[in-house]
Each structure stands twice: as C-alpha cells, then as structure tokens.
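The residues making up each chain are set out below.
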Amino acid sequence: MSLREFPLDAALPRVPLGEWVESAVDWATRTLGPVFDAITAGVEALVGPLEQLLNGVPAVAVVAVLAGLGWWLRGWKFALGAAVGLLLVAGMPYWEETMSTLAQVLVASVLALLLAVPLGIFVAENKRASAVARPVLDFMQTMPAFVYLIPALFFFGIGTVPGVLATVVFSMPPGVRLTELGLRQVDKEIVQAAESFGAPPWMVLLRTKVPLALPTIMTGVNQVIMLSLSMVVIAGMVGAGGLGDVIIFSLSQVEVGSGFEGGIAVVVLAVVLDRLTDSLGDRFPSARAQRLAREAA
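Residues numbered from 1 in each chain as written. Predicted model: local features only at pLDDT ≥ 70, side-chain atom pairs only at ≥ 80, totals over all residues. Heavy atoms only, no water.

## A few points about the UniProt feature "transmembrane region" (unreviewed entry) in the protein chain
On the UniProt side, "transmembrane region" (unreviewed entry) is annotated at positions that read residues 53–73, 78–95, 101–124, 145–170, 224–249 and 256–273 here. Annotation note: span residues 101–124, helix share 100%, strand share 0%, distance between end C-alpha atoms 33 Å. In this annotation, residues 256–273 is assigned 100% helix and 0% strand; the end-to-end C-alpha distance for the span is 26 Å. (UniProt positions renumbered as here; feature names shortened; annotations may be inferred. Helix = DSSP H or I, 4+ residues; strand = E, 2+ residues; numbered from the N terminus.)

Put into structure tokens, the structure is as follows:
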C-alpha cells in the first residue's frame, strides 16, 4: 500500500484528554468543596485586610514608605525616581486599583515563595525528586497564563481568589528552580568542611548551604514577584479587580487614555518592586555568606 492510499485520519485513535480533565475537575468540585471553601476564606482573609490597609492610609504615606525603602536599598537617586513615579500614579484616578494590585501581588508572592523555597530545597537535596520535578516545572512554565484561569475560575468562581491562586501556580517555577540552582552551586569544599566538624545534615543545610545560596534564592524571589504582577493583571479577566480590571475594561471599550494610564501604573509598580527586591538580594553577597558559613562550620 502506498503512502497516498494509507488512511491518515484512521491511523491514530482520538485521545479524549479534554474529557478526562473535565471529569477530574467535576470530581474535585463535588468531593473537595469544603477544601475549596476554606482556601477561599483564607485567601480573602489575607488579601482583604491588606488591601484595606493600603487604601486606608494616605497615598503620600505609601509613597514615602516605598521611597524610603528605595533610599535604604539603592540610594537617593532611585528613591527620588520612585517617588516621582508613584506620585504620578497617585495623581491618576487609579490609585485604589494600584493598591489592590499591590496587595494581590504581595499575597500571591508570599504564598508562592512559601511553597517554592521549601520545594526547591527538597529537590536540591534529592536527585530523584529533582528528576520528577523538572518536567513538571517545564509544564508549568510553558503552559499559557490564560489556561490557569480556567480551573481556578471553575473551582473558586469569579473574584480575587481565583486570580491570586492562578498567580501562585504561575509564579512558582522560577522560585523552585533558582532555589535548587543556588543550593547546587554551593562550594562542595565548604560543605565538606562543615560536615568534617560533625555538623548534622540539617545544620549544614541551614547554616552553610542556605546562606551561600541566598543571592540566587533572592533572584528567584525577584522573578516570582515579577511573574505575580504580570499574572495579576491578566487575572482581571476573571474579575480579580485592581489594574487588571482597568486594562480589560479599556480594551473592551477601546479607551486609549484609561488603558495607557493603567499601563503606566503597572510599569511604575513593576519597576519599583523589581529594583527593591533586586537590591535586597545584594544585601547577601557571596563573600559575606561564605564568612557566615565558615563561622557556622
């Protein structure tokens, strides 16, 4: 039989992957309803008070705090630039939305790091776990961001909670990878020196490996925060609020002015958070970490 005569459409059976996924989601919704309700209550308890706090204080106070952090971490030039940018955002009609986005980013980043850093430490210390985690992390990083909103919307409905949880899942992989990378790059001679003095494995990890890996781990923190900010804006499609709602509404109504203002607010917030977290990582230089590791050993 020639290639032209071979029935290509009958060569492979159809794999009902989508139906399997829908069945799994239906089962989880029916079986794990109380768990999802508890998660919803927990996320709302974190985001709500923080959002009220950020919107309850004057905008000048928030600008002063962030500019002060910038002065401490990067110097007066960055502090001045951050203050100008944030005051520009405060002068636009979307300051409340900006603070809502900041609250969601902070909560999602903290939750993602609470999961990513311990998982990164575990896979760094276990080769089998690393082999299993690598394709899973590849899958999580290559999956389009919009896809994460579908199960989150199905499980938790419309609102802030699905946006925050989708953001947690979307932003976790860099935290895991960079934590593992930092720990694997630790000088083996220093680790052997700590072990030769009789330090138990948990002390070698906490007092030697983690201090040496902190610069790389902080890079992961920076990447988690940046991905959280990008995903929180996308989560405006499921009614998460904040600047995402502003941008989605401007897109649907073709309002160039409000869309540009929302975009500028996102850019200013992203630059400030990026520079602050990047400078925070510089507070843990390798030389200082090595000195602490020698003292611990």
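## Some details on the confidence of the model for the protein chain
Taken over all residues, the pLDDT of the protein chain has a mean of 80, while the share at 70 or more is 90%. Counting interchain partners and residues more than four positions distant, the pLDDT-below-50 stretch residues 289–294 has 9 contacts. (pLDDT = per-residue confidence, 0-100. Contact = heavy atoms within 4.5 Å.)

## Here we look at the nonpolar core
Of all hydrophobic cores here, the largest spans 67 residues; its most connected members are Val164, Met231 and Leu273. Per element, the largest residue contribution to this core is 11 residues, and it comes from helix H5 (residues 95–125). Among residues more than four places away in sequence, those in contact with Val164 are Val43, Val47, Gln104, Val107 and Ala108. Judged by nonpolar contacts, the second largest core, of 12 residues, contains Ala124, Leu183, Ile190 and Val191. (Core = buried A, V, L, I, M, F, W, Y, C linked by side-chain atoms within 4.5 Å. Buried < 20%, exposed > 50% of the residue type's maximum accessible area, 1.4 Å probe, protein only.)

## Points about the packing of aromatic side chains
Evaluation of the coordinates by the stated rule reveals 0 aromatic pairs. Here the guanidinium or amino end of Arg74 rests over the ring plane of Phe78, the centre of that ring lying 5.6 Å away. (Phe/Tyr/Trp six-rings, centres within 6.5 Å; stacked < 30°, edge-to-face > 60°. Lys NZ or Arg CZ within 6 Å of the ring centre and 35° of its normal.)

## Regarding the pattern of salt bridges
Going through the model one piece at a time under the given rule, you end up with 4 salt bridges. With its nearest N and O atoms 3.1 Å apart, the salt bridge here joins Lys209 to Glu125. One end of the pair, Lys209, is in helix H10 (residues 201–234); the other, Glu125, is in helix H5, with 84 residues separating them in the sequence. Glu125 sits in the partly exposed class, given a relative accessible area of 43%. (Salt bridge = Lys/Arg side-chain N within 4 Å of Asp/Glu carboxyl O.)

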